[in-house]
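Observations on the three-dimensional arrangement
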Amino acid sequence: MELGHSSYPRRKTRRITVGDVAVGDGAAITVQSMTTTKTADVEGTLQQIYDLAMAGCDIVRCTCNEPEAAEGLAQIVPRSPVPIVADIHHQHRMALAALEAGVQCLRLNPGNIRKPAHIKVVAQEAKDRGVPIRIGVNGGSLDPELYERHGGRVTPEAMVESAERELAYFDEVGFDDVKISVKASSVPLMIEAYRLLADAVDYPLHLGVTEAGPLPGGLIKASVGIGTLLAEGIGDTIRYSLTADPVEEARAGRALLEALGLRERRNVDLIACPSCGRAEIDVIEVANQAQAAFGDREIPLQVAVMGCVVNGPGEARDADIGIAAGRNRGHLFVKGQNVAVVPEDKMVDALVEWAEVIHEHGVEAALERAKATRDAARSAAERDRQSLLAAQGSDANQAEVRIDRIRHTTRGT
Ligand code: SF4
């Protein structure tokens, strides 16, 4: 399998379109997030939407919880760079107002808009306007009747039944422009609910672990839940629900899809060694500096920061561009080939400069650029490598010394 490309077979689904973004039926899996501003604050919300779009977000949801929010949406939607979904809870009239504002999708929670007449009037209006609806079941706000009937617990079966009941109401008005989510804050629960749902319906699915929480736990829960399902071919659009700046949600969603090979790389994929006794630099600090230097720049390359020239270039030989530290200098390598040597305090600048060259002109051009320096670079790297091996030996992490001590302790010798 080619690096960075997925071989996970995708579940066959129908397709819907949210504005101009396709969801389902083999379309690129999309990243969603939600604004945290008051929707009535038009400029503040638009600023956040632009930030989210820059970070790789394809679709943005805004709450529509009051008439002022709906009025805000009427101004936000025409100026937004991505389609807008209105999040509706409790009041079906806010769904009708959001449709009037021109949103490209609604999210309805079947747990808190429960009157069939209300659900059907919204579905009819969405149908007339050609606007899709996400049925957004949430374990924490499951319909109380379903909760009781399923033993006073939130079960995968109860969540799927909630979605199916909503589908049946939609069906009564001939509306099927739908995607569905069955989110829970428990990862095993949401995984099982989505698996059941994927077997029961062929609508596209929106994946998420709801209320995943702050970093790093929230990131881990969402990645495991969403990633497990994506690797099974389930899921057409995703959202990380983190207690963090929504831009982090968009970055995380995008990074997950890229890591699974489900979206083309958009930004730098920064890899770095975990550091060890051989490290010649503070790898964490240099990696953080590199991360900040590249930021959200659209340079779709893999960039490596490696702590030593002894093992770094070999371990990161697949990276497009990398740097490994040795004897107070940095050894730059392109696809594993040494190309230049730079002072230690210029390592990050050099990474950025060479990444730009590769991005604009390709790897071959970068190697051509290094024609005059690569022989010297290779010799310098080998000299530093031998010098470090001579100074540190082949056991720089002192594993063998420790093993001797362990044997001494356990054998009492
Ligand atoms: S051996 Fe070198 S490249 Fe590997 S973890 Fe240690 S410092 Fe990093």
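Below, the structure is looked at part by part. Worth saying up front: this structure is predicted, and the values here are computed from it rather than measured.

Along the chain, the position of Pro 78 falls in helix H2 (residues 67–79). In sequence terms Pro 78 and Gly 102 are 24 residues apart; their C-alpha atoms lie 8.2 Å from each other.

A few words now on the site of the ligand. If you check the shell around the ligand, you find Cys 273, Ser 275, Cys 276, Arg 278, Ala 279, Gly 307, Cys 308, Asn 311, Gly 312 and Glu 315 and nothing else. Split into classes, the residues belonging to the shell around the ligand amount to four nonpolar, four polar and two charged.

Next up on the list: the sheet that holds strand S13 (residues 321–326). With respect to topology, five strands assemble into an open sheet ordered S11-S12-S13-S14-S15, the strand pairing being mixed. In this open sheet, the two edge strands, each paired with only one partner strand, are strand S11 (269–272) and strand S15 (337–343). Recorded for the sheet is a direction-independent mean angle of 20° between the axes of neighbouring strands. As paired strands, S13 and strand S14 (residues 329–334) are joined by six bridges and run antiparallel to one another. Paired with Gly 322 across the two strands is Phe 333, which belongs to S14. Against the sheet, helix H12 (residues 347–361) contacts strand S12 (302–306), S13, S14 and S15, and its axis sits at roughly 155° relative to S13.

A few words on the packing of aromatic side chains. We describe a pair of aromatic rings using the distance from one ring centre to the other and the angle between the two ring planes. Summed over the entire model, instances satisfying the criterion amount to one aromatic pair. Ring centres 5.3 Å apart and planes at 80° place the aromatic pair Phe 170 and Phe 175 in the edge-to-face group. Note on Phe 175: relative accessible area 4%, which makes it buried. In this structure, Arg 369 is placed above the aromatic ring of Trp 354, and the distance from its NZ or CZ to the ring centre is 4.6 Å.

So, about the sheet that holds strand S6 (residues 105–108). Spatially, S8-S7-S6-S5-S4-S3-S10-S9 is the arrangement adopted by the eight strands of the open sheet, whose pairing is parallel. Both outer strands of the open sheet, strand S8 (178–183) and strand S9 (206–207), are each paired with one neighbouring strand and no more. Both strand S3 (residues 30–34) and strand S4 (residues 59–63) contribute to a ladder of three bridges, which runs parallel. Looking at S4, one finds that Ser 33 is bridged to Val 60. The strands touched by H2 within the sheet are S4 and strand S5 (84–88), with S5 carrying the most contacts at an inclination of about 170°. Helix H6 (residues 156–172) contacts S6, strand S7 (133–138) and S8 of the sheet and is inclined by roughly 150° relative to S7.

The rules behind each value
- Residues numbered from 1 in each chain as written.
- Predicted model: local features only at pLDDT ≥ 70, side-chain atom pairs only at ≥ 80, totals over all residues.
- Heavy atoms only, no water.
- Helix = DSSP H or I, 4+ residues; strand = E, 2+ residues; numbered from the N terminus.
- Near = heavy atom within 4 Å.
- Nonpolar A, V, L, I, M, F, W, Y, C, P; charged D, E, K, R; others polar.
- Pairing = 2+ DSSP bridges.
- Axes fitted to C-alpha atoms, helices over the stretch in contact; angles between N-to-C directions.
- Contact = heavy atoms within 4.5 Å.
- Phe/Tyr/Trp six-rings, centres within 6.5 Å; stacked < 30°, edge-to-face > 60°.
- Buried < 20%, exposed > 50% of the residue type's maximum accessible area, 1.4 Å probe, protein only.
- Lys NZ or Arg CZ within 6 Å of the ring centre and 35° of its normal.

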